[in-house]
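Next come the chains, spelled out residue by residue.
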Number of protein chains: 2
Amino acid sequence: MNYAELADSLRQAMEKQDVIALESLVAEFQPADLAEFLRHEEVDVSLKLLAHLDIEERAEVFGYLPLNTQFQVSELMTAEGLAQLLNCMDSDERADLFNIMDEDRQTSVLKLMAQEEREDLRRMASYEDETVGAIMTSNYASVPVTDTVLQALDKIRKTAPDAETIYQIYVLDKLHRLVGTISLRELIVSRPTALISDLMESELITMSPDQDQELAAKMISRYDLLALPVVDSQQRLVGIVTYDDAMDVAEAEATEDILKGGSVGGLEGSFKDATIFMLYRKRIFWLLLLVFANIFTAAGIAIYEDTIAKYAVLVFFMPLLIGSAGNAGSQASTLMVRGLGTGDVKLSDWAKLFAREIFVALALGLTMAFAVAFIGHFRGGMEIAVIVALSMIAVVMLGSLLGLSLPFVLHKLGLDPATASAPLVATIADAAGILVYFGIATAILGL
Amino acid sequence: MNYAELADSLRQAMEKQDVIALESLVAEFQPADLAEFLRHEEVDVSLKLLAHLDIEERAEVFGYLPLNTQFQVSELMTAEGLAQLLNCMDSDERADLFNIMDEDRQTSVLKLMAQEEREDLRRMASYEDETVGAIMTSNYASVPVTDTVLQALDKIRKTAPDAETIYQIYVLDKLHRLVGTISLRELIVSRPTALISDLMESELITMSPDQDQELAAKMISRYDLLALPVVDSQQRLVGIVTYDDAMDVAEAEATEDILKGGSVGGLEGSFKDATIFMLYRKRIFWLLLLVFANIFTAAGIAIYEDTIAKYAVLVFFMPLLIGSAGNAGSQASTLMVRGLGTGDVKLSDWAKLFAREIFVALALGLTMAFAVAFIGHFRGGMEIAVIVALSMIAVVMLGSLLGLSLPFVLHKLGLDPATASAPLVATIADAAGILVYFGIATAILGL
């Protein structure tokens, strides 16, 4: 049965309160699918359905739920039940949940956990949000550097049930320092008596727990890693970041950049499930900021009110010209911000790209000028055609070069280049465009 | 040595023509890093440096190069050299390269390849761009369903050097049909005499080669898979998509959506390396389309030219009002398009989201109206303040609801919802905003 069929059958079994059918259906779901199903159910229903799974499966399904749903479900559990669940969860996921529980709950749950798990949870929960530490897991497979292949394989077999991956194995010295890595692939094709120290890869790619999570995702993608080891300042292994967490981080970071590109503050969690107040809060800041920025455009218009009164036809071309400035600027900033985001472009490339953009924008401006000159001629005669064409070339170039440069300026000011959103660039280009347009018009019309 | 140090040393060795240093340095690079280095060198230099690696490593580094660089380097190779390289490349990567070679070159290279590799290349090269078939590899590890664990492990050891992953193993029947999967983790912890058929997972997640590559990336991310099996209509295994390729696809698709969001046609390859003409071509279409759409805004202004002539102060508020309509619209469409892109939102959610948006937009519009009413009063008295405030509420709601709905409309027309870019939404919202603004003004001023 596929997801839709399973979901339908499960809903029917729930209605009929057919516990036997229910139990077998719940077991048939992929863990990610069951989590998807539970997301749309009431919290108490989710809790009841989860109770049909054994603790290991329950922890896995639970881990796929959005964090706020995890929290709501956990609030309905006894401290004992929750402690038991936390024991079986992945170490990075349980730390996230732990961090949003209130202090009393944290204390009562910690008391009920085994000492080893408790210490691990305390350590993992201490890392700042969005750092490598916050997404790493301490469930890795490791072997001593003095082992033979046979000894190592024996250890791996014993670690297998708990480790998040056993395909990349970390080689440690007596002081728990990372000295190498070896893949399970290498282990199973090697002579059982060979020494790990002779086989291991010792050119290591590592990160420290306080680095940016986005960087870990980029490294994993760049080097096609299964997992990235995280070491402290003494080179001791403290955890690993696995490729599946890196994929989630990459998606979340892309979403953040896209929303910034549309002038929406970073929305945590689902858009679908967001409340009216959350959406209001994430949008009003930029709307207000931009409306005040638009006052510069308005001021530009006010300066030329006399020109406008004499040549009302100039107002007709305003949206075409300032719109084009904004659109060309949005294009340039979008290309730039994404280039910086993927690492394709570096800030040091700015001068080279600026030089190229001059030619691109000139070509764009000329084409656009050609297109609007006819309309200008038709609506206002030759003089207006010349004004409109010249203004178009100027504003498209201005908008493009502004759009390309703004991300760099923001970076220099210590802000995220992705803040150079299409609406922000368009607003700045509008204000500059108005001045250029009416400036050219005033000069040519001799006002 | 890190990447920057290695790159410096390599550059020095190249200048001094120190072949011995060069050879040892080239070997020290991570394959992805050496490819990054070669990307910025002349093509003939890249070819010479690659020659210092053995064929397996050369094929790996080569695979990390951008496709157009791969092509340029391959053009300098003899047919024999290229055939040898293709033999060692991943089956999906070599098919991509093969597809952009000219026909004569294809024929001469195919002749020099081993029969098995030749057939594989022909088959892999036949899949359409952006499909699952185009990103899958045929280098998977498989075992017959009748094997025991011991037999299977023996086979895996032999396949290991060629397979892209041996951690997920595909279980096939006599007719090459996929009947199950088993992980290497499971294999190494199981009794050697146990039967694969008893251990394997037979609830399978599969795709067909003609499905969209984006869907494969989403499935791998959703179910945290290492690899996704691809089967034909008879359920025969034809390839697998690995997680690292899925990460690349996810990044490319995010880039495509982001560029669309800034009204830039999908730019293939690097922004940094793009030519002036490529950038011109990708941008001019939307700029021209939007400038003609702006004519509607201009026409709106033309209708109210008399009103404008009498009350020049109304022009002052034009950029504030239509800017806010566009910005609110950009925010709503950005949230919507990304929600659709990640699968958070479905098209069937539209009515529910529209209802919520009414309240969000009303709250936003009221706040914005409050902010601009003062400026209105200051510049034009009470009447103007009322006009500006009412118009602001109306245009923010209009822009928001338009921005939210446009992605759905585009989808219904068979277009990509991501085409609802910030500039497009802003342009449409501008035109509608002008009519609302001057309409309200004309009514209140009794013109």
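Residues numbered from 1 in each chain as written. Chains lettered and ligands numbered in written order. Predicted model: local features only at pLDDT ≥ 70, side-chain atom pairs only at ≥ 80, totals over all residues. Heavy atoms only, no water.

1. A short note on the UniProt feature "transmembrane region" (unreviewed entry) in chain A
Residues and elements named next belong to chain A.
Step number 1: UniProt records the feature "transmembrane region" (unreviewed entry) for residues 284-304, 316-337, 358-378, 384-410 and 422-445 in the present numbering.
Step number 2: Segment residues 316-337 splits into 100% helix and 0% strand. End C-alpha atoms: 33 Å apart.
Step number 3: A helix fraction of 100% and a strand fraction of 0% characterise residues 422-445, whose end C-alpha atoms lie 33 Å from each other. (UniProt positions renumbered as here; feature names shortened; annotations may be inferred. Helix = DSSP H or I, 4+ residues; strand = E, 2+ residues; numbered from the N terminus.)

2. Some thoughts on the sheet that holds strand β3 (residues 178-183) of chain A
Residue and element names in this part refer to chain A.
Step number 1: Read across the open sheet, the three strands follow the order β1-β2-β3; overall the sheet is mixed. Each edge of the open sheet carries a strand with a single partner, namely β1 (140-144) and β3. Shown here is a sheet whose adjacent strand axes are inclined to one another by a mean of 35°, direction ignored.
Step number 2: Both β1 and strand β2 (residues 165-172) contribute to a ladder of four bridges, which runs parallel. Paired with Pro144 across the bridge in β2 is Leu172. (Pairing = 2+ DSSP bridges. Axes fitted to C-alpha atoms, helices over the stretch in contact; angles between N-to-C directions.)

3. Remarks on the packing of aromatic side chains
Step number 1: In the structure shown here, the tally under the stated rule is 22 aromatic pairs over all chains.
Step number 2: Both rings, one in Tyr140(A) and one in Tyr170(A), keep their centres 6.5 Å apart while their planes meet at 80°; by these two values the pair is edge-to-face. Here Tyr140(A) is found in strand β1, whereas its partner Tyr170(A) is found in strand β2, with 30 residues between them in sequence. Note on accessibility: Tyr140(A) and Tyr170(A) belong to one class, buried.
Step number 3: An angle of 75° between the planes, with centres 6.2 Å apart, marks the rings of Tyr3(B) and Phe29(B) as edge-to-face. Here the residue Tyr3(B) occupies a position in helix α1 (residues 3-16), and Phe29(B) occupies one in the loop between α2 (19-28) and α3 (31-39), the gap between them amounting to 26 residues.
Step number 4: Under the relative-accessibility criterion, Tyr3(B) is labelled partly exposed at 27%.
Step number 5: Taking relative accessible area as the criterion, Phe29(B) reaches 7% and is therefore assigned buried.
Step number 6: Among the aromatic residues, those joined into a cluster by ring pairs are Tyr3(A), Phe29(A) and Phe37(A). (Phe/Tyr/Trp six-rings, centres within 6.5 Å; stacked < 30°, edge-to-face > 60°. Buried < 20%, exposed > 50% of the residue type's maximum accessible area, 1.4 Å probe, protein only.)

4. A closer look at the packing of helix α19 (residues 313-342) of chain A against helix α17 (residues 276-303) of chain B
Step number 1: Interaxial distance between α19(A) and α17(B) falls to 8 Å at its minimum, and their mutual angle equals 150°. Put simply, α19(A) runs roughly antiparallel to α17(B). Handedness of the α19(A)/α17(B) crossing: right-handed. (Parallel < 35°, antiparallel > 145°, perpendicular 65-115°, else oblique. Left-handed = near helix turned anticlockwise from the far one by under 90°.)

5. Some points on the sheet that holds strand β1 (residues 140-144) of chain B
Residues and elements named next belong to chain B.
Step number 1: Pairing within the open sheet is mixed, and its three strands lie in the order β1-β2-β3. Each edge of the open sheet carries a strand with a single partner, namely β1 and β3 (178-183). Across this sheet, the average inter-strand angle for adjacent strands is 35°, counted without regard to direction.
Step number 2: Packed on one face of the sheet, helix α12 (residues 149-159) meets β1 and β2 (165-172) and runs near 155° to β1. (Contact = heavy atoms within 4.5 Å.)

6. Things to note about the pattern of salt bridges
Step number 1: Tallying each qualifying case throughout the model produces 32 salt bridges over all chains.
Step number 2: The partner of Arg157(B) in a salt bridge is Asp154(B), and the shortest N-O contact between them spans 3.4 Å. Here the residue Arg157(B) and the residue Asp154(B) both occupy positions in helix α12, the gap between them amounting to three residues, near one helical turn.
Step number 3: For Arg157(B), a relative accessible area of 34% corresponds to the partly exposed category.
Step number 4: For Asp154(B), a relative accessible area of 40% gives the class partly exposed.
Step number 5: Taken together, the salt bridges that share partners define one network made up of Glu36(A), Arg39(A), Asp273(A) and Asp344(B). (Salt bridge = Lys/Arg side-chain N within 4 Å of Asp/Glu carboxyl O.)

7. Describing the UniProt feature "domain: CBS" (unreviewed entry) in chain A
All names here are of chain A.
Step number 1: As annotated in UniProt, the feature "domain: CBS" (unreviewed entry) corresponds to residues 136-199 and 200-256 in the numbering used here.
Step number 2: In this annotation, residues 136-199 is assigned 33% helix and 30% strand; the end-to-end C-alpha distance for the span is 26 Å.
Step number 3: Taken end to end, residues 200-256 is 42% helix and 19% strand, and its first and last C-alpha atoms sit 38 Å apart.

8. Topic: unusual backbone geometry
Step number 1: Even without being glycine, Gln235(A) reaches a positive phi, approximately 70°.
Step number 2: Looking at where Gln235(A) falls in the secondary structure, it is placed in the loop between β4 (227-231) and β5 (237-242).
Step number 3: At Asp224(B), a position not held by glycine, the phi torsion is positive, near 50°.
Step number 4: Inspection of the secondary structure puts Asp224(B) in the loop between α15 (213-222) and β4 (227-231).
Step number 5: Here Asp224(B) falls in the partly exposed class, since its relative accessible area comes to 26%.

9. Here we look at the environment of Leu347(A)
Step number 1: Tracing the backbone through its elements, the reader meets Leu347(A) in the loop between α19 and α20 (350-412).
Step number 2: Residues Leu347(A) and Gln213(A), spaced 134 residues apart in sequence, show a C-alpha to C-alpha distance of 21 Å.

10. A few points about the pairing of strand β5 (residues 237-242) of chain B
Residues and elements named next belong to chain B.
Step number 1: Summarising burial for β5: six of the six residues are buried, a large majority.
Step number 2: In this structure, β4 lies alongside β5, joined through five bridges in antiparallel fashion. Its bridge partner lying in β5, Val230 is registered against Gly239.
Step number 3: Linkage of β4 to β5, two consecutive antiparallel strands, is achieved through a turn of five residues, within which Gln235 is found at a positive phi near 70°.

11. Overview of the interface of chain B and chain A
Step number 1: Taken together, the contacts link 111 residues of chain B with 111 residues of chain A.
Step number 2: Taking both partners together, chain B and chain A bury about 10000 Å²; carbon and sulfur atoms supply 64% of that area.
Step number 3: On the chain B side of the interface with chain A, the three residues burying the most area are Arg185(B), Phe271(B) and Leu335(B), jointly 8% of the side's total.
Step number 4: Where chain B touches chain A, the interface holds eight salt bridges.
Step number 5: For the salt bridge of Arg39(B) with Asp344(A), the shortest nitrogen-to-oxygen distance reads 3.8 Å.
Step number 6: Across the side of chain B that touches chain A, the residue classes tally to 67 nonpolar, 20 polar and 24 charged. (Buried area = accessible area lost by both parts, 1.4 Å probe. Nonpolar A, V, L, I, M, F, W, Y, C, P; charged D, E, K, R; others polar.)

12. Side note on helix α7 (residues 79-88) of chain A
Since one α-helical turn is 3.6 residues long, residues separated by three or four positions face the same way.
All names here are of chain A.
Step number 1: Here α7 has its buried residues at Ala79, Leu82, Ala83, Leu85 and Leu86. Buried positions in α7, seen along its axis, are confined to an arc of 165° and lie on one side of it.
Step number 2: For α7, the elements touching its buried residues are α5 (55-64), α6 (67-75), α8 (91-100) and α9 (103-111). (Arc of directions from axis to C-beta.)

13. Regarding the side chain of Lys272(B)
Step number 1: Residue placement: Lys272(B) occurs in the loop between α16 (243-261) and α17.
Step number 2: Apart from residues no more than four positions distant in its own chain, Lys272(B) is found in contact with Asp344(A), Val345(A), Asp349(A), Lys352(A), Leu353(A), Arg356(A) and His40(B).

14. Points about the relation of the copies chain B and chain A
Note: a rotation about an axis with an accompanying shift along it relates these two copies of the chain.
Step number 1: Once turned by 180° and shifted 0.0 Å along the axis, chain B lies on chain A with an RMSD of 0.1 Å. Expressed as an axis order, the relation between the two copies is that of a two-fold axis.
Step number 2: Interface overlap between copies: 100% of the residues of chain B at the interface are likewise at the interface in chain A, consistent with a symmetric, same-surface contact. (Least-squares fit on C-alpha atoms with pLDDT ≥ 70 in both.)

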